[in-house]
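The chain contents come next:
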Amino acid sequence: MSSSISSLSEEIQCSICRDVFIDPVSTPCGHNFCKICLNKYWDNSQTCSCPYCQETFKQRPDLKINTTLRELVDHYKKKSPEKTTEKDMQLMIQNRIKKIQDIKHSAEVRKSGEDLFTDLIRSIQRHQTELLEVMEEQQKAAEKQEQVLIEELEQEITELKMRNTELENWPEISMKTHESLETLRRALTQLKDTIDEKLTQTVDVTLDPDTAHPKLILSDDGKQVRHGDIRQKLPNKPERFDPCPCVLGKEGFSSGRFYFEVQVKGKTDWDLGVARESINRKGMITLRPSNGYWTVILRNGDEYKTCENRHVTLSLRVKPQRVGVFVDYEEGLVSFYDVESSSHIYSFTAQSFTEKLYPYFCPCNNDGSKNSSPLIITPVAIRGRKS
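Chains are numbered independently. Their residues run from 1 in the order of the written sequence. Selection of residues for local features in this predicted model requires a pLDDT of at least 70, selection of side-chain atom pairs for listing and counting requires 80 or more, and totals for whole chains, interfaces and linings are taken over all residues. Think of the side-chain values as coming from all heavy atoms in the structure, minus any hydrogens and water.

Per an unreviewed UniProt entry, the protein chain is named E3 ubiquitin-protein ligase TRIM39-like, and its organism is Cyprinus carpio.

(A) Representation of the overall build of the protein chain in the model. Helix and strand content of the protein chain: 5 helices and 15 strands. In this scheme, a residue with accessible area under 20% of its type's maximum is buried, one over 50% is exposed, and one in between is partly exposed, where area comes from a 1.4 Å probe on protein chains only. Counting every position in the protein chain, which comprises 387 residues, the buried fraction comes to 33%. Two residues qualify as a contact provided that any one of their heavy atoms is within 4.5 Å of a heavy atom in the partner residue. Sequence-distant contacts in the protein chain: of pairs separated by 6 or more residues, those separated by 24 or more amount to 60%. Element-wise, carbon and sulfur atoms account for 51% of the exposed surface of the protein chain, whose accessible area totals about 25000 Å². Put simply, DSSP marks the helices as runs of H or I at least four residues long and the strands as runs of E at least two long, and each gets a number from the N terminus on. Here the accessible surface of atoms and residues is derived via Shrake-Rupley with a 1.4 Å probe, and residues count as covered only by protein chains that are part of the display.

(B) A look at the nonpolar core. Throughout, nonpolar core names a set of buried Ala, Val, Leu, Ile, Met, Phe, Trp, Tyr and Cys residues whose side chains join them through atoms within 4.5 Å. With 33 residues, the main nonpolar core has Trp-270, Leu-272, Val-334, Phe-336, Phe-361 and Leu-375 as its most contacted residues. Judged by nonpolar contacts, the second largest core, of 18 residues, contains Val-25, Phe-33, Cys-50 and Leu-69.

(C) Structural context of the packing of aromatic side chains. The pairing test for Phe, Tyr and Trp rings, Trp by its six-membered ring, is centres within 6.5 Å, and the orientation test on the planes gives stacked under 30 degrees, edge-to-face over 60, and tilted for anything in between. Following the criterion strictly, the structure yields 10 aromatic pairs and no others. Relative to Phe-361, the ring of Phe-260 lies with its centre 5.9 Å away and its plane at 55°, an arrangement referred to as tilted. With Phe-260 in strand β6 (residues 257-263) and Phe-361 in strand β14 (residues 357-362), the pair connects residues that are 101 residues apart, well separated along the chain. Pairing Tyr-346 with Phe-348 gives two aromatic rings, centres 5.2 Å apart and planes at 80°, and the pair type is edge-to-face. Overall, Tyr-346 belongs to the buried group, its relative accessible area being 18%. An aromatic cluster is defined as three or more aromatic residues linked by ring pairs; in this entry it consists of Phe-241, Tyr-293 and Tyr-360.

(D) Just the pattern of salt bridges, in detail. The rule for a salt bridge is simple: a side-chain nitrogen of Lys or Arg has to be within 4 Å of a carboxyl oxygen of Asp or Glu. Tallied over the entire structure, the rule returns 8 salt bridges. Between Asp-204 and Lys-223 there is a salt bridge whose closest N-O contact spans 2.4 Å. Taken together, the residues span a long stretch of sequence, with Asp-204 in the loop between α5 (170-199) and β3 (216-218) and Lys-223 in the loop between β3 and β4 (224-227) at a distance of 19 residues. One salt bridge in this structure joins Asp-271 and Arg-299, with 3.0 Å as the shortest N-O distance. One end of the pair, Asp-271, is in strand β7 (residues 270-276); the other, Arg-299, is in strand β8 (residues 293-299), and 28 residues separate them in sequence. When its relative accessible area of 3% is taken as the criterion, Asp-271 is described as buried.

(E) Representation of the sheet that holds β3 within the structure. In this description, strands pair whenever DSSP reports at least two bridges between them. Pairing is antiparallel in the open sheet, where 7 strands are placed in the order β3-β4-β15-β6-β11-β12-β13. Two strands lie at the open edges of the sheet, namely β3 and β13 (343-348), each paired on one side alone. Shown here is a sheet whose adjacent strand axes are inclined to one another by a mean of 20°, direction ignored. Across 6 bridges, strand β11 (residues 322-328) lies against strand β12 (residues 333-338) in antiparallel orientation. If you follow Phe-326 over to β12, its bridge partner there is Ser-335. To get an axis, fit a line to the C-alpha atoms, keeping to the stretch in contact for a helix; angles then go from 0 to 180 degrees between the N-to-C directions.

(F) Summary view of the sheet that holds β8. One open sheet holds the 6 strands; their spatial order is β5-β14-β7-β8-β9-β10, and the pairing between them is antiparallel. Only two strands of the sheet have a single neighbouring strand rather than two, namely β5 (247-248) and β10 (311-314). Where β7 and β14 come together, 6 bridges link them in antiparallel fashion. Note that in β14 the partner of Val-274 across the bridge is Pro-359.

(G) Region of interest: the state of the cysteines. In what follows, a disulfide is any cysteine sulfur pair within 2.5 Å. Using the criterion set out here, one finds 0 disulfides in the structure. Here Cys-48 is not cross-linked by a disulfide; its sulfur's nearest cysteine counterpart is in Cys-50, at 9.8 Å.

(H) Layout of helix α2 (residues 35-43). Those residues of α2 that sit buried are Cys-37, Leu-38 and Trp-42. The arc that holds every buried residue of α2, seen down its axis, measures 125°, which confines them to one face. Projecting away from the buried face of α2 at angles above 90 degrees are the exposed residues Lys-40 and Asp-43. Close packing links the buried residues of α2 with β1 (24-26) and β2 (32-34). This arc describes the spread of directions from the helix axis toward the C-beta atoms.

(I) Fine view of the side chain of Asp-271. We call two N or O atoms a polar contact when they sit within 3.5 Å, provided that within protein one can donate a hydrogen and the other can accept it, with sequence-adjacent residues counted only if both atoms are side-chain atoms. Side chain to side chain, Asp-271 and Arg-299 meet in a polar contact 3.0 Å long. Those residues within four positions of Asp-271 in sequence are excluded, and the remaining contacts are Leu-287, Val-296, Ile-297, Arg-299, Tyr-360, Phe-361, Cys-362, Cys-364 and Leu-375.

(J) Here's a closer look at a nonpolar patch on the surface. Note on patches: the residues involved have over 30% relative accessible area and no salt bridge, like charges join within 9 Å, and the nonpolar side chains Val, Leu, Ile, Met, Phe, Trp and Tyr join within 5 Å. A surface patch of nonpolar side chains, amounting to about 300 Å² of accessible area, comprises Leu-131, Leu-132 and Met-135. As for its placement among the helices and strands, Leu-131 is situated in helix α4 (residues 81-168).

Quick look at the structure:
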């Protein structure tokens, strides 16, 4: 009987703990183990396999108590009461230790879940704050854009109201425009009359060779001047221009009015006007009223400028072939005209003359024969007024 019990004991022993089964379970491969032992074995293993035959399972089997084997174990325990009692005590102790471990594990899992839940709540709160900030910024941006649109619409409304007012005042504007055109017509008529009047103030201008730069060539009658490139041996008189290629008229004027005309046809550069008697004639000169020059100049064939205290570019409709120069000494006026088109070029007004004024001429350099044509003082044709 003892041998029979011993043999049975080996059949109902767990191959992991080497003791009688406690809550025996079976693997899919047919081997039996204590439920606690097998679960512990798998918890400590990276793979789920049978501890006995090492067969690997794709997923961890759902272990069920082998009731037939458990009844056999219970029967075995009744047949050997002393041993069974001692074994039962050990199993009860192990069972209770396992339960304690399970309870602790459950507590840890619960605590971990509580911590996770707490972290989740905090994360939600944090993201909620960030989301509220983003929504607030978007709201501010939207309000700003709306304000800009409102301002643009208000501006458009203001402009439309102004246009409406302009349309309402159109008859008045038209009347003012008509008045302006009438004023312009009178001014043009006055300009024509003024030109005709200036023709009556014609003077006979002759060039003064004593003031001419050594490279300038004057005609025998003193009516033409051109640049000759070669410096002539002439006396270095105080009144002679050097190094600027300029020349003055012989006669100066200290009162009244005078008018003369100069042909500039074929030239790309020239200076014309009047200059006071005390001008500096040596060294480089700057053409401006403060230095005693009242002139208009041409540069590069089509750049007309007036030499005020700073150069002012002139926009001329046509290129003058003959330029008229008129001076009213008492009125402080120096005016330039396009003779052929009877159009005004420019006027210096409200000037203060205290010295004699002399006609001033500068044919400028030849520029490789591009500017070799002379300046010619031409006779003034007296044109009567048309009735």
